[in-house]
Amino acid sequence: MAQRAQPIIGTTGIAAGGFVVVAVLLSFLGIGLRAELGRGIEPAEWAAIRFTLQQAALSALISVACAIPLARALARRRFVGRGVLITLLGAPFILPVIVAVLGLLTVFGRTGWVNTAFEAIGLPTLSIYGLHGVVLAHVFFNLPLATRLLLQGWQSIPAERFRLAAQLNLPPRMVRRTLEVPLLVQVVPGAAALIFVICLTSFAVALTLGGGPRATTIELAIYQAFRFDFDLARAALLSFIQLFLAGSAALVALWVIPNIPLSAGLDRAVRRWDARGGLQSAIDACVIALGSAFLLLPLFAITLAGVQGLPQMPIGVWKTAGNSLGVAMLSIALLLAIALPMAGWISTRRAGGAEAIGLIGLSASPLMIGTGWFILINPIADPVPLALPVTALINALMALPFALRILVPPMRDVLTTYDRLSRSLGLNGWPAWRWLVLPRLRAQIGFTAGLTGALSVGDLGVIALFADPDRATLPLQMYRLMGAYRTEAAAGAALLLLAMALALFWVFDKAGRWHAEA
Amino acid sequence: MLRLEDVTISQGGFLLQADFEVQQGRKTAVIGPSGAGKSTLLAALGGFLPLGGGKLWWNDVDITDATPGKRPIAMLFQDNNLFPHLSIAKNIGLGIRPDLKLTPEDHLRVEQALKRVGLAGMADRKPGELSGGQQSRAALARVLVQDRPVVLLDEPFAALGPALRHEMLDLVHDLSEEANATLLMVTHDPQDVRRIADDVIFVEGGRAAAPQPAGALLENPPPALQAYLG
Amino acid sequence: MRRTLLATTLLLASQAGADTPVLTVYAGDYFTSEWGPGPMIEAGFEETCDCDLQFATGDLLPRLLLEGERTKADVVIGLTSDVTAKARATGLFAPHGQDNSALTLPIEWTDDTFLPFNYGHTAFIYNETTMDAPPASFDALLEMDDDVKLVIQDPRTSISGLALVLWVEAVYGEKSGEVWTKLAPKILTVTKDWSASYGMFTDGEVDMVLSYTTSPAYHMFAEEDFTKKAAIFPEGHYFMVETVGKIAQTQEPELADAFMAYVLSQDFQQMIPTANWSLPAALPEDQWPEGWAQLALPEKVLFYSEEEAESRKDQAIETWRNALSQ
């Protein structure tokens, strides 16, 4: 009796998955080495846990609720610049948090554009601060992701169905019931769950827009325990709670999370015969205009402030931009080294549970992973030269769940389609990667790399703990500028950061699709 | 000589038994009703299905548990015989070395194979740039460089029109003559059988019969085959 | 990235080759940026010693606590008074060996381990062109219209935020809870750190920001902007100081001592105001850089000793949290 066949791409993915688990667990072990037994969870921390869950749930629901009309309008309208708009609308997702908050304040702040306009026409002003501010910011970040997931869903409805609906002359209400509602039921829970997990670990956003100590998240409590009280046991305990909450939400989510589609293919509008009425057109136009304004105005604000600040930016900022670029490149390399084998492993398994490992890095507090590793490395070697590589690794771990979502489904396709041919040719191990998987997945790999680079370049990360003069990253330098009264120069640095994040994404995504074959 | 010794192949609830030999250099057609297990038989020979029992021999070597790439077998499937992202030359080169580290002599062999199947000058094209018939030729060129004593064809030409299919079968016929290869090919068409097969394996009712000379069998078919041929 | 690694390698190699002694100074993260005080201190000290001063930056206290005995620091500069208790408890520090009587602080300093090098006070900063009637006292601040918006820092994550709750505690004691209740509607938001708050102020998002009495100095001397003012309250302002300490197990005790002495030198003290936008700790007011005497500074200065601050901190933060969570 022959044994169960080995996957042609080998089993290094198990090692990669093991590496992720070990990297995170070891960091907790590091903390554990130094932690003394502490108190239990206090009322203030229970409040933080409640607030964290509440804002994450609201953010997820509202992001998805707003994404439904936007995705629907984008799916059924064709206009000049539609493709560019869809790409640009994705930008907030890869925007560094600190940069985004500046932009949001300029637009929605107390003296921001929206309130100035409201005042001019005699409307009451809005306050961005409080729970709704936190939620607004999270919707800003995650609406692009939700829209992309839903748009993909809409475009997966075969054109023939719409043809049939047109043939039967179904009214809009019936089109919704027969075609769109079943789709939403399929896609919405997963999209909401994914955004919920992302918002659970929110830190910087909640702080500035939260309005006060009511808006304390678990991540802030971890920071406080670590940075201010230096209570490692407490920090570790809170990290475990966060890991547990995010981890269990993630596990549930995994069964329902949809795949993250490439931007390619989304620029194709499905030919529709319904929704031709003037009212429907007008509503769609409104939704697209509002959605674009919401997502693009803060970007515009960042650009405006940044252009003024650029000339005042000290030269040292460029050097740190170089460091950040280095960290981003290393993150990309590490991510691909982990994600590709893992995706290979997961896609040859029938159950999807293994993908949960990918979510560990996102759910665990980066501050704790960094600190844990500092404690472990310190007795053996000087941790300072390792600060940038460790930052790159942590950034890679945080991008891992997205990478897996992007890579696993097409990987599964490739391995199913070409399994026999590869086996009959004896194509396995590295040659199978080299000649089959990598070229077939080039577009997805480019997309993943771009996403990772963009997320990594904007992340302040753990570098702030151990940064040497020579090892500052751009976000850190931006903070330093802000800390030295140089707000305008900091705005210039923010623009540079934004440009770098977008450029990294664009270059890799483009490279992945450049001369794309078959 | 390929020998199936008390072989049983089970897949789901389906069971197929076979116990016969195929002589070196014989061209054998595998025929039988849809769902009888023709493709299953070939998949098992190719190493894609584990045997439920019995042994598989190549001459005196037990290849029951050998992986597909390690068997003395080259195989073409119903579809996906070429990697669409690789050039024709690379697709063929994979038949020589799966890591594509080709020596100058290897390159020469690829070129000769291309020439032999009538694709000279097409080395750098991608499969998508070729017609269906040319794609089949490219796949055959790879079988040629693989240089294995046994070739299994699981209806790779099914999507081609009759004229093209006949052309391909003639090419297969000539190539296996030249290489003295043992050929097993699944087909539905008695005409195909007459065209190139020496022998016929009739698969039906959970059993793959031993090869019979094609001419005699088609002239004078047993009832089950008669029913199938109609 | 590769260039950084390369530079580090070269740096290490050159260190090994040369016999010049190296003094490793741990400093706050902002210190060594090209506009921070680090480069000037390095140049100034290296002129007086035959040595190489190297800064290592980062989050000072967490890093020291994590490294413990293995720390490579000879001297640590930039420890604020709120962390000196924990720093002292590590047992890593030696007496600073300098004469405290050289200090010109508005309070008496008796600590023989941590030596102040500059100071300031908490204060609310406003823009006089947009604020007609700035509060003349803390009481007046509390009575202001709720439309006047403030931004403060979180006492759980920021030194200045912690100083604020201690300030309120020092001025109002038992009544702190009521004070926070009155302030709460005026507080637009609470930020994690000082930078975010101050950025909101310069962007015009708020009317007043919790900062330092020395903040107007930056605008005056670096930007020639004289519109930013500190509101000075007769109730007093909370004292904030930055100190330098010597690591006991240093391999370079003489150099470390020389550095401690350098911190009190006129050279260092005259440079620190504009380098770090703070008041010099050991320089009579008549020797301050030009224009600095114009700064509005409080008559009365409030300060809790290390032990006292430690014992009041938790309660003060809890009072703050309760009042602002309503």
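Residues numbered from 1 in each chain as written. Chains lettered and ligands numbered in written order. Predicted model: local features only at pLDDT ≥ 70, side-chain atom pairs only at ≥ 80, totals over all residues.

### Brief notes about the overall build of chain C
Under the convention used in this document: Secondary structure counts use DSSP, requiring at least four H or I residues in a row for a helix and at least two E residues in a row for a strand, with both numbered from the N terminus. C-beta atoms are placed from the backbone for every residue, and two residues are taken to be in contact when these atoms lie within 7 Å.
Within chain C one finds 12 helices and 12 strands. Its C-alpha atoms give chain C principal-axis dimensions of about 65 × 45 × 40 Å. Look at the contacts in chain C between residues 6 or more apart in sequence, and 78% of them connect residues 24 or more apart.

### Some points on the overall build of chain A
Stated precisely, the cut-off is as follows: Note on burial: count the other C-beta atoms lying within 10 Å of the residue's C-beta; 20 or more is buried, 12 or fewer is exposed, in between is partly exposed, and C-beta positions come from the backbone.
Regarding its fold elements, chain A presents 22 helices and zero strands. Per-residue burial over chain A gives 57% buried out of 518 residues. Counted over contacts in chain A with a minimum sequence separation of 6, partners at least 24 positions apart contribute 86%.

### Concerning the interface of chain A and chain B
Facing 18 residues of chain A, the contacting portion of chain B comprises 23 residues. Elements with a minimum of two residues in the side of chain A that touches chain B: helix 17 (387-425) and helix 18 (430-440) of chain A. In terms of residue count, the dominant contributor to the side of chain A that touches chain B is helix 17 of chain A (seven residues).

### So, the domain arrangement of chain C
Buried accessible area, meaning the area lost when the parts come together, often serves as the stated size of an interface. All names here are of chain C. Put simply, the test is: Each domain span listed reflects an automatic or database assignment of domains.
When cut into domains, chain C gives domain 1 (2-119 + 241-294) and domain 2 (121-239 + 301-325). Relative placement of domain 1 and domain 2: their C-alpha centres are 28 Å apart. Facing the 15 residues of domain 1 at the interface are 13 residues of domain 2.

### Quick look at helix 22 (residues 487-513) of chain A
Residue pairs three or four apart in sequence face the same way in an α-helix, which turns once every 3.6 residues. Filter applied, for reference: Each helix should span, by expectation, one fewer than its residue count multiplied by 1.5 Å.
Between the first and last C-alpha of helix 22 of chain A there are 39 Å, a value that for 27 residues agrees with the 39 Å anticipated at 1.5 Å per step. Counting buried positions along helix 22 of chain A gives 20 out of 27 residues, so the element sits mostly inside the fold.

### Examining the domain arrangement of chain A
All names here are of chain A. Here is the rule we go by: Three classes are used, and their members are as follows: Ala, Val, Leu, Ile, Met, Phe, Trp, Tyr, Cys and Pro are nonpolar, Asp, Glu, Lys and Arg are charged, and the others, Gly among them, are polar.
Its domain assignment divides chain A into domain 1 (56-304) and domain 2 (311-518). Across the contact, 31 residues belong to domain 1 and 34 residues belong to domain 2. Sorting the residues of the side of domain 1 that touches domain 2 by element identifies helix 4 (91-94), helix 5 (97-108), helix 11 (218-228), helix 12 (232-254) and helix 13 (278-309) as the ones contributing at least two each. With 10 residues, helix 12 is the single largest residue contributor to the side of domain 1 that touches domain 2. Residue composition of the side of domain 1 that touches domain 2, by class: 23 nonpolar, seven polar and one charged.

### Details of the interface of chain C and chain A
Facing 47 residues of chain C, the contacting portion of chain A comprises 49 residues. Among the residues making up the side of chain C that touches chain A, the classes are represented as 19 nonpolar, 15 polar and 13 charged.

### Some thoughts on helix 4 (residues 132-146) of chain B
Residues and elements named next belong to chain B. Given a rise of 1.5 Å per residue, 15 residues ought to cover 21 Å, and the 21 Å separating the end C-alpha atoms of helix 4 matches this to within 8%. Summarising burial for helix 4: 12 of the 15 residues are buried, a large majority. For helix 4, the full list of buried residues reads Gln135, Ser136, Arg137, Ala138, Ala139, Leu140, Ala141, Arg142, Val143, Leu144, Val145 and Gln146. In this structure, the buried residues of helix 4 make contact with strand 6 (73-76), helix 2 (88-93), helix 3 (104-116), strand 7 (150-154) and helix 5 (162-179). Immediately downstream of helix 4, the backbone of Asp147 shows phi near 55 degrees, a positive value.

### Some words on the packing of helix 7 (residues 131-155) of chain A against helix 9 (residues 172-200) of chain A
Residue and element names in this part refer to chain A. Rules: Note on definitions: angles span 0 to 180 degrees between N-to-C directions of axes, and those axes are lines fitted to C-alpha atoms, for helices only across the stretch in contact. Should an angle lie under 35 degrees it is considered roughly parallel, over 145 roughly antiparallel, and from 65 to 115 roughly perpendicular; all remaining angles are considered oblique. By definition, any crossing whose near helix is turned counterclockwise from its far helix by less than a right angle is left-handed, and any crossing with a clockwise turn is right-handed.
Closest axis-to-axis distance for the helix 7/helix 9 pair is 10 Å, and the angle between their directions is 155 degrees. Put simply, helix 7 runs roughly antiparallel to helix 9. Between helix 7 and helix 9 the crossing geometry is right-handed. Mapping the contact onto sequence places His138, Asn142, Leu145, Ala146, Leu149, Leu150, Gly153 and Trp154 in helix 7 and Leu183, Gln186, Val187, Ala191, Ile195, Ile198 and Cys199 in helix 9. Taken together, the residues that form the contact of helix 7 with helix 9 break down as 11 nonpolar, four polar and no charged.

### Focus on the pairing of strand 3 (residues 27-31) of chain B
All names here are of chain B. Cut-off, in case you're wondering: In this scheme, strands are said to pair when DSSP sees at least two bridges between them.
Burial within strand 3 is extensive, with five of its five residues counted as buried. Going residue by residue along strand 3, you find Lys27, Ala29 and Ile31 tucked away on one face and Thr28 and Val30 tucked away on the opposite face as well. Here strand 3 runs beside strand 9 (residues 199-204); their pairing, made up of four bridges, is parallel. Paired with Thr28 across the bridge in strand 9 is Asp199.

### Thoughts on the environment of Pro379 of chain A
Along the polypeptide, Pro379 of chain A turns up in the loop between helix 16 (366-377) and helix 17. Exposure remark for Pro379 of chain A: the 11 C-beta atoms within 10 Å place this residue in the exposed category.

### Considering the confidence of the model for chain C
All names here are of chain C. For the record, the criterion: What pLDDT conveys is the predictor's confidence in a given residue, as a value from 0 to 100.
Put simply, chain C has an average pLDDT of 89, and 94% of its residues get 70 or more. Below pLDDT 50 for its whole length, residues 1-17 participates in 14 contacts with residues either more than four positions away or in separate chains. Across the interface, the model reports ipTM at 0.87; the global pTM reads 0.84.

### Quick word on the arrangement of the chains
Looking at the two pairs of chains with contacts, the pair that accumulates the most is chains A and C. With no contact between them, chain B and chain C keep their nearest C-alpha atoms 32 Å apart.

### As for the environment of Arg71 of chain B
Residue and element names in this part refer to chain B. Of note, Arg71 is situated in the loop between strand 5 (61-62) and strand 6. Taking the C-beta count within 10 Å as the criterion, Arg71 has 23 such neighbours and is therefore assigned buried. Between the alpha carbons of Arg71 and Trp58 there is a distance of 8.7 Å; along the sequence they are 13 residues apart. Those residues in contact with Arg71, other than ones at most four positions away along the chain, are Gly47, Ile63 and Ala66.

### Re the pairing of strand 2 (residues 14-22) of chain B
Taken together, the eight bridges between strand 1 (residues 2-11) of chain B and strand 2 of chain B define a ladder with antiparallel strand orientation. Bridge pairing links Gln11 of chain B to Phe14 of chain B in strand 2 of chain B.

### Some details on unusual backbone geometry
Positive phi outside glycine occurs at Asn180 of chain B, with the angle close to 50 degrees. With respect to the helices and strands, Asn180 of chain B occurs in the loop between helix 5 and strand 8 (182-186). Residues other than glycine seldom take positive phi values, yet Trp277 of chain C does so here, at roughly 45 degrees. Judged by local crowding, Trp277 of chain C falls into the buried class, with 21 C-beta atoms found within 10 Å.

### What about the packing of helix 1 (residues 12-34) of chain A against helix 15 (residues 356-363) of chain A?
Residue and element names in this part refer to chain A. At a minimum axis separation of 9 Å, helix 1 and helix 15 run at an interaxial angle of 30 degrees. By the angle class used here, helix 1 and helix 15 are roughly parallel. Seen along the crossing, helix 1 lies across helix 15 with a hand that is left-handed. Note on element contacts: helix 15 touches helix 1 through Ile357, Ile360 and Gly361, opposite Gly17, Val20, Val21 and Val24. Class assignment for the residues of the contact of helix 1 with helix 15 results in five nonpolar, two polar and no charged.

### Side note on the environment of Ala454 of chain A
Residues and elements named next belong to chain A. Relative to the elements of secondary structure, Ala454 occurs in helix 19 (residues 442-457). For Ala454 and Ala501, which are 47 residues apart along the polypeptide, the C-alpha to C-alpha distance reads 4.2 Å. If sequence neighbours within four positions are ignored, Ala454 has contacts with Ile94, Ala501, Leu504 and Phe505.

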